[in-house]
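# Structure at a glance
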Amino acid sequence: MTDEGLIAPSLLAIMQCPACQGELAERREPPALVCGRCGRAYPVRDGIPVMLIDEADDRGTPTDG
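Remember, predicted model here, so these are calculated numbers, not experimental data.

### Considerations on the overall build of the chain
The secondary structure content of the chain amounts to one helix and four strands. Each helix and strand of the chain, ordered N terminal to C terminal, gives the series α-β-β-β-β. Residue pairs in contact within the chain that sit at least 24 positions apart in sequence constitute 30% of those at least 6 positions apart. By element, 49% of the accessible surface of the chain is carried by carbon and sulfur atoms, the whole surface being about 4300 Å².

### Some remarks on the sheet that holds strand β3 (residues 41–45)
A sheet is described by the order of its strands in space; here four strands give the open sequence β1-β2-β3-β4, paired in antiparallel fashion. Either end of the sheet is taken by a strand with one partner, and the two such strands are β1 (24–27) and β4 (48–49). Across four bridges, β1 lies against strand β2 (residues 32–35) in antiparallel orientation. For Arg 27, the partnering residue across the bridge sits in β2 and is Ala 32.

### Re the nonpolar core
Judged by nonpolar contacts, Leu 6, Ile 7, Leu 12, Met 15, Cys 17, Cys 20, Leu 24, Leu 33, Cys 35, Tyr 42, Val 44 and Ala 56 together constitute the single largest core of twelve residues. Breaking this core down by element, the ones donating at least two residues are β2 and β3. Beyond its immediate stretch of four places on either side in the chain, Cys 20 contacts Cys 35, Arg 37 and Cys 38.

Thresholds, definitions, all that
Residues numbered from 1 in each chain as written. Predicted model: local features only at pLDDT ≥ 70, side-chain atom pairs only at ≥ 80, totals over all residues. Heavy atoms only, no water. Helix = DSSP H or I, 4+ residues; strand = E, 2+ residues; numbered from the N terminus. Contact = heavy atoms within 4.5 Å. Areas by Shrake-Rupley, 256 points an atom, 1.4 Å probe, with all protein chains shown as cover. Pairing = 2+ DSSP bridges. Core = buried A, V, L, I, M, F, W, Y, C linked by side-chain atoms within 4.5 Å. Buried < 20%, exposed > 50% of the residue type's maximum accessible area, 1.4 Å probe, protein only.

Below, the structure is given as structure tokens:
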């Protein structure tokens, strides 16, 4: 994890949720990328986002309503 964020902003800008293609936002604790549309949280392990639907925590809350 860097001071700027979990992953490079240029990479985050092009990534989408594999389940619904929604935009992703970083969550610091626990480290994850959270979908603003469906609320799935994809873990970030050792600086690497795990973008597998089966690995996502779908109990999250969408970040943009």
